[in-house]
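Secondary and tertiary structure notes
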Amino acid sequence: MSALPDETPQWGRRRLLAIVVTLVLVVVSGLVGLVYAVHGAVASRGTGDDRAAVVVDALPSGPARRDAIAAAPMLRVTPHDSRGGTPAASPAPTIVVPAATSLGPAEVPTGFDRTPEGAVGQLAAIATTVLQSMSIPQVRAAHEHWSAPGAPGVEEWALMAAVQALLASEAGRHIDAPGTSVVTVPVAAQIKGSDEDDWVVACVLLDVTVTVVTEARAAYGYCERLQWAADRWVIAPGASPAPAPSTWPGTDLAAAAGWRTWTTSAAK
């Protein structure tokens, strides 16, 4: 890996870690203000872990059911939980996600099945493409091509907030320098809920590594509503889902938050 020019300040691991954590915090803080209550559709588990069960069985297919699924709060975690943790003694359940089969608009991999797992794969493809580009034009292009009418605008998009946070930091000034990179890898996922066979709230947990001379890592949880449109999954209309827990993968806390270890099925 090439070193930055001599005039570039050396970056310690502590500062890099702070940059990665900032990405997580900006996204989470931008979503905290969402309204979770959906007129009796969300009920507390009563387990003391700040989670709620979505009561959807009595709700017919449609907007109320979808809003209830999206708005249900998920496990609350701290910034520290995204940066590390003790590996769990027992492996978490797995989720098998299909592989992409083609390249779609805005250079986003696509070709995923019309299944909840396919929606997970498409969401991860959108997120990894956007975050690794670290380009505002690329974020806008991805949002334009992968959002249905009525979806949250690009200015409200969690991924736009994440890219803006890095570009506004000191590291962002050196994003095009040799040896600087952002790599995102999906490591876990969960299906928060679905309605019929064409609507899903999918969540992915990404391992984000920022390298500026040295590297730092943090986990980033991200959820979106998705709907099947013609031949692919796109971001669906409606308010953004409740924040996803950013937990270090492979820990008991990650399993408690509902994350399933990511595995990829063979391409068809």
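Look above for the structure.
A brief report on the enclosed structure follows. Since the model is a prediction, treat every value here as computed from it, not as a measurement. (Residues numbered from 1 in each chain as written. Predicted model: local features only at pLDDT ≥ 70, side-chain atom pairs only at ≥ 80, totals over all residues. Heavy atoms only, no water.)

**Topic: the overall build of the protein**
Counting its regular elements, the protein contains six helices and ten strands. Expressed as a percentage of the 268 residues in the protein, the buried residues total 48%. In the protein, 68% of the contacts between residues at least 6 apart in sequence involve partners at least 24 apart. On the protein, roughly 12300 Å² of surface is accessible, and the fraction owed to carbon and sulfur atoms is 54%. (Helix = DSSP H or I, 4+ residues; strand = E, 2+ residues; numbered from the N terminus. Buried < 20%, exposed > 50% of the residue type's maximum accessible area, 1.4 Å probe, protein only. Contact = heavy atoms within 4.5 Å. Areas by Shrake-Rupley, 256 points an atom, 1.4 Å probe, with all protein chains shown as cover.)

**Describing the packing of helix α3 (residues 116-133) against helix α5 (residues 158-168)**
With their axes 10 Å apart at the nearest point, α3 and α5 run at an angle of 25° to one another. Relative to α5, α3 is oriented roughly parallel. Regarding α3 and α5, the two cross each other, and that crossing is right-handed. Note on element contacts: α5 touches α3 through L159, A162 and V163, opposite I126, A127, V130 and L131. (Axes fitted to C-alpha atoms, helices over the stretch in contact; angles between N-to-C directions. Parallel < 35°, antiparallel > 145°, perpendicular 65-115°, else oblique. Left-handed = near helix turned anticlockwise from the far one by under 90°.)

**Re the state of the cysteines**
Throughout the structure, instances matching the rule amount to one disulfide. Put simply, C203 and C223 are joined by a disulfide, and their sulfur atoms are 2.1 Å apart. Since a negative S-S torsion denotes a left-handed disulfide, the C203-C223 link at about 105° is right-handed. In this pair, C203 sits in strand β7 (residues 199-212) while C223 sits in strand β8 (residues 214-229), placing the two residues 20 residues apart along the sequence. Residue classification places C223 among the buried residues on the basis of a relative accessible area of 7%. (Disulfide = S-S within 2.5 Å.)

**Observations concerning α3**
Relative to the 26 Å expected for 18 residues at 1.5 Å per residue, α3 spans 26 Å between its end C-alpha atoms, a close match to the ideal helical length. Summarising burial for α3: 14 of the 18 residues are buried, a large majority. M134, located one to two residues past α3, shows a positive phi value of around 45°. (Expected span 1.5 Å × (residues − 1).)

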